[in-house]
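So you can see what is in the structure, the chains are spelled out below.
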Amino acid sequence: MSDAPDTNAEFWKSAEQVAHWVTGAQERERQYARPRILMAELLPFGPDEPFTVLDLGAGTGAAARAVLSHFPAARAILADFSPQMMEHGNQAMAAYAGRYSYVEFDLASGQWPDAIPAAVDAVISSMCVHHLTDDRKRQLFAEILGRLIPGGWYLNYDPVAAPDPGVDDAWLRVAERRDPELAHQRTHRTPEQQARYDNHVRYIIPLAPQIEFLRAAGFEAVDVYWKELEDVVYGGRRPA
Ligand SMILES: C[S@@+](CC[C@H](N)C(=O)[O-])C[C@H]1O[C@@H](n2cnc3c(N)ncnc32)[C@H](O)[C@@H]1O
């Protein structure tokens, strides 16, 4: 991990950085639809059952939208610490008006806002937990378990770090075959691109300890439900 100061909050609360992120968001959402749809499919609700899902680090709401599209009677609480992301999110979520609300929540703080109910039916997160320190990942999983109804599921879609250099090489080989410009980009980052990359990878850790954090928190039915190279969906449920 880098010893440069942690600029994650500064990064996500910068109108400029967020505008840059949003530029590619629609294309990424199309490209990475499958794992988010799978998170919805894994939730044990009937097609017309009303329930509330909490999306942590929701950003502009890509994961929440996957669940709301799949379950027409569901409602979502979207939690994020970036007013800039939430503002863009209100546009991206327009088709779901009346079925969602945003709440400001800094996941690094552990201070859950009152606007999040004491018990929610399901919790999801997508591309956010890797921005937290290992201590906060571990604590957050325990806090999520405490907020879930008995039998409630938590699912996390996130990138993980390779467990050894051979695996890292293999992941990189595939990524560069799929996008031949990557090799050049990787070695020719502008300072801004480097800062963005450093913020992305700062707290990314391998998959195995995260699965252990879930089990230690008390989750059952823990599994890696989907995986492609560094991107995974893992999760489990609170015992009934
Ligand atoms: C890569 S974006 C992903 C957004 C969305 N979940 C998705 O899948 O498109 C990361 C999101 O995590 C949020 N985030 C990062 N650190 C956070 C923290 N400490 N507390 C709350 N949100 C955080 C950012 O504001 C941003 O919206």
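Position numbers for residues start from 1 in each chain and track the written sequence from start to end. A pLDDT threshold of at least 70 governs which residues receive local features in this predicted model, and a stricter bar of 80 or more applies before side-chain atom pairs are shown or counted, although totals over entire chains, interfaces and linings include all residues. Neither water nor hydrogens contribute to the side-chain values; these are computed over all heavy atoms in the structure.

Novice: Just checking my understanding: could you explain the overall build of the protein chain for this structure?
Specialist: Under the DSSP-based scheme used, a helix requires at least four consecutive residues in state H or I and a strand at least two consecutive residues in state E, with every element numbered from the N terminus. When helices and strands are tallied, the protein chain shows eleven helices and seven strands. Relative to the 2.2 N^0.38 estimate, which gives 18 Å for 240 residues, the radius of gyration of the protein chain is 17 Å and therefore close to what a compact globule would have. In terms of overall dimensions, the protein chain has a C-alpha envelope of 50 × 35 × 35 Å along the principal axes. Whether a residue is buried, partly exposed or exposed follows from its accessible area with a 1.4 Å probe, protein chains only, as a fraction of its type maximum: under 20%, in between, or over 50%, in that order. Looking at the protein chain as a whole, 43% of its 240 residues are labelled buried. For the protein chain, restricting intrachain contacts to residue pairs at least 6 apart in sequence, the fraction spanning at least 24 positions comes to 71%. Accessible surface is estimated by sampling points in the Shrake-Rupley manner with a 1.4 Å probe; for residues, cover comes only from the protein chains shown. A total of about 11900 Å² of accessible surface is found on the protein chain, and carbon and sulfur atoms cover 53% of it. All tallies of charge rest on Lys and Arg as positive and Asp and Glu as negative; His and the ends of each chain are not included. By convention, the charge on Lys lies at NZ, on Arg at CZ, on Asp at CG and on Glu at CD. Each charge class in the protein chain can be summarised by its mean position, and for the 23 positive and 34 negative side chains these summaries are 3 Å apart. Computation of the radius of gyration draws on C-alpha atoms alone. For the globule rule, the value is 2.2 Å times the number of residues to the power 0.38. Contact between two residues is taken to exist if any of their heavy atoms lie within 4.5 Å; hydrogens are not considered.

Novice: Which parts of the structure should I look at to understand the site of the ligand?
Specialist: Every one of the 21 residues lining the ligand counts as a neighbour, but R36, G57, D80, L107 and S126 are closest to it. Measuring from a nitrogen atom of the ligand, one finds a backbone N or O atom of F81 at 3.5 Å. Whenever a nitrogen or oxygen atom comes within 3.5 Å of another N or O atom, the pair is scored as a polar contact, on the condition that within protein one atom can donate a hydrogen and the other can accept it, and that pairs from neighbouring residues in sequence are kept only if both atoms are in side chains. Between the ligand and the protein, one listed contact pairs an oxygen atom with a side-chain N or O atom of S126 at 2.5 Å. Protein chains shield 96% of the accessible area of the ligand, which is 590 Å² for the free molecule. Definition of nearness: a residue and a molecule or strand are near each other if at least one heavy atom of the residue lies within 4 Å of the molecule or strand.

Novice: What exactly am I supposed to notice about unusual backbone geometry here?
Specialist: The phi angle of most residues is negative, glycine excepted, and most peptide bonds adopt the trans form. The phi dihedral of M127 is positive, around 60°, even though this residue is not glycine. Secondary-structure assignment places M127 in the loop between β4 (120–126) and α7 (134–147). Positive phi is not limited to glycine here, since A221 has a value of about 55°. You can see A221 is positioned in strand β6 (residues 220–228).

Novice: Help me understand the pairing of strand β5 (residues 148–159) in this model?
Specialist: For a regular strand, side chains alternate in direction, first toward one face of the sheet and then toward the other. Buried residues dominate β5, accounting for nine of its twelve residues. Where β4 meets β5, six bridges bridge the pair, whose relative direction is parallel. The residue bridging A122 from the neighbouring strand is W153, located in β5. Strands pair, by our definition, only if DSSP identifies at least two bridges between them. Of the strand pairs in this sheet, β5 and strand β7 (residues 231–237) are connected by seven bridges, and their pairing is antiparallel. For W153, the partnering residue across the bridge sits in β7 and is R237.

Novice: Honestly, the packing of aromatic side chains in this entry has me stumped. Any pointers?
Specialist: The description of an aromatic ring pair rests on the distance of the ring centres and on the angle between the ring planes. Each Phe, Tyr or Trp ring (for Trp, its six-membered ring) is paired with any other whose centre lies within 6.5 Å, and the angle between the two planes then decides the class: stacked below 30 degrees, edge-to-face above 60, tilted in between. In total, this model carries twelve aromatic pairs according to the counting rule given. On the basis of an interplanar angle of 75° and a centroid distance of 6.0 Å, the ring pair of W12 and W21 is categorised as edge-to-face. Residue W21 is classed as partly exposed on the basis of its relative accessible area, which comes to 27%. With a centroid separation of 6.2 Å and 75° between ring planes, the pair formed by F141 and Y234 is classed as edge-to-face. One end of the pair, F141, is in helix α7; the other, Y234, is in strand β7, with 93 residues separating them in the sequence.

Novice: Help me understand the pattern of salt bridges in this model?
Specialist: Two side chains with opposite charge may pair up if their charged atoms get near one another. The rule for a salt bridge is simple: a side-chain nitrogen of Lys or Arg has to be within 4 Å of a carboxyl oxygen of Asp or Glu. On inspection of all chains with the given rule, the structure shows eleven salt bridges. One salt bridge in this structure joins E176 and R186, with 2.8 Å as the shortest N-O distance. Placement of E176 in helix α8 (residues 165–178) and of R186 in helix α9 (residues 182–187) is noted, with a sequence separation of ten residues between them. On the accessibility criterion, R186 (36% relative accessible area) is partly exposed.

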